[in-house]
Amino acid sequence: AAWRERESVKKFYTANVLSWPPYHEDKEREGVIDLALGPSLTERIKWVVRSAESGGKESRTVWKIRRDLGPKGVELELQPITGRTHQLRIHCATVGSGIVGDSLYGDDPVKWLGEDSGGSTSDADQDTLRLHAHRLIIKHPKTGQEMEFESPKSWH
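As the structure is a computational prediction, the values presented were derived from the model and not from experiment.

Draft legend 1. Quick look at the overall build of the chain. Assigned secondary structure in the chain consists of three helices and eight strands. Counting from the amino terminus, the chain carries its helices and strands in the arrangement α-β-α-β-β-β-β-β-α-β-β. The proportion of buried residues among the 156 residues of the chain is 35%. Across the chain, the fraction of contacts at a sequence separation of at least 24, relative to all contacts at a separation of at least 6, is 57%. Summed over all atoms, the accessible surface of the chain reaches about 9700 Å², with 49% contributed by carbon and sulfur.

Structure below.
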């Protein structure tokens, strides 16, 4: 039944990446990332790009440029078509620079200062993973009417 839920629920995320070659080099404003993913064989918590022949599972993300942020990169809208673990983070890191603040897959992870610091990081302006679920579209269970919910991101 999970595949049916995936078709009736649409999730849209906002992400900030510093470098996005399809846009910065090729001037593309939208596209699809289609890379199979599977658990890392060497790091327990990570997933990696892996061919289907090597046990990877289909993983697809639709992306669009929302805003050009100049030296701060671009803001993307990401729509996962499949729902693999860390899918958006891995897809962004594979295609571009990774999501700002991503300590697992990103090129420039935020330095963690430890539990005693109250959870703060080395740069107050970039103290969080710049990935935000900003829009959700679902069908009402009784009426079937499409319902849309939006949430503003917490970073600028």
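Draft legend 2. Main features of the packing of aromatic side chains. Applying the stated rule across the entire model yields one aromatic pair. On the numbers, 5.4 Å between centres and 75° between planes, the contact of Trp-20 with Trp-63 is edge-to-face. Here Trp-20, found in the loop between strand S1 (10-17) and helix H2 (21-24), pairs with Trp-63, found in strand S5 (residues 60-68); they are 43 residues apart in sequence, far enough to count as distant. Residue classification places Trp-20 among the buried positions, given a relative accessible area of 0%. Here Trp-63 falls in the buried class, since its relative accessible area comes to 3%. When the ring centre of Phe-12 is taken as reference, the NZ or CZ atom of Arg-135 above it lies at 4.0 Å.

Draft legend 3. Summary view of the pattern of salt bridges. Following the criterion strictly, the structure yields nine salt bridges and no others. Where Glu-146 meets Lys-10, a salt bridge forms, and the shortest distance between an N and an O atom there is 3.7 Å. Of the two residues, Glu-146 is situated in strand S8 (residues 146-150) and Lys-10 in strand S1; the sequence distance between them amounts to 136 residues. Judged by relative accessible area, Lys-10 falls into the partly exposed class, the value being 34%. Bridged by salt links that share partners, the residues Arg-66, Arg-67, Glu-75, Glu-77, Arg-135 and Glu-148 form one connected network.

Draft legend 4. The side chain of Gln-87, seen in detail. Within the fold, Gln-87 resides in helix H3 (residues 87-95). One polar contact links the side chain of Gln-87 to the main-chain carbonyl oxygen of Arg-60, over a distance of 2.9 Å. At 2.9 Å, the side chain of Gln-87 and the side chain of Thr-82 are in polar contact. Sequence-distant contacts of Gln-87, defined by excluding residues within four places in its chain, comprise Leu-37, Ser-59, Arg-60, Thr-61, Pro-80, Ile-81 and Thr-82.

Draft legend 5. Inspection of the sheet that holds strand S7 (residues 131-139) at higher detail. Sheet architecture is open: six strands sit in the order S2-S5-S6-S1-S7-S8, paired in antiparallel fashion. Pairing within the sheet leaves two strands with one partner each, and these edge strands are strand S2 (30-34) and S8. For this sheet, the mean inter-axis angle between neighbouring strands, taken without regard to orientation, is 25°. Judged from the seven bridges that link them, S5 and strand S6 (residues 74-80) form a sheet pairing that is antiparallel. The residue of S6 that forms the bridge with Asp-68 is Val-74.

Draft legend 6. Up close: the pairing of S8. Relative to S8, S7 runs antiparallel, the two being bridged by five bridges. Within the sheet, the bridge partner assigned to Ile-137 lies in S8 and is Glu-148. Where S7 folds back on S8, the antiparallel hairpin that results is connected by six residues, among which Gly-144 adopts a positive phi of roughly 80°.

Draft legend 7. Spotlight on the nonpolar core. One finds Trp-20, Leu-76 and Leu-78 to be the most contacted residues of the largest nonpolar core, which totals 14 residues. Counting residues per element, the ones that place at least two in this core are S1, S5, S6 and H3. The residues touching Leu-78, leaving out its near neighbours within four places in the chain, are Lys-11, Phe-12, Tyr-13, Ala-15, Thr-61, Val-62, Trp-63, Leu-88, Cys-92 and Leu-131.

The rules behind each value
- Residues numbered from 1 in each chain as written.
- Predicted model: local features only at pLDDT ≥ 70, side-chain atom pairs only at ≥ 80, totals over all residues.
- Heavy atoms only, no water.
- Helix = DSSP H or I, 4+ residues; strand = E, 2+ residues; numbered from the N terminus.
- Buried < 20%, exposed > 50% of the residue type's maximum accessible area, 1.4 Å probe, protein only.
- Contact = heavy atoms within 4.5 Å.
- Areas by Shrake-Rupley, 256 points an atom, 1.4 Å probe, with all protein chains shown as cover.
- Phe/Tyr/Trp six-rings, centres within 6.5 Å; stacked < 30°, edge-to-face > 60°.
- Lys NZ or Arg CZ within 6 Å of the ring centre and 35° of its normal.
- Salt bridge = Lys/Arg side-chain N within 4 Å of Asp/Glu carboxyl O.
- Polar contact = N/O pair within 3.5 Å; in protein donor to acceptor, adjacent residues only side chain to side chain.
- Pairing = 2+ DSSP bridges.
- Axes fitted to C-alpha atoms, helices over the stretch in contact; angles between N-to-C directions.
- Core = buried A, V, L, I, M, F, W, Y, C linked by side-chain atoms within 4.5 Å.

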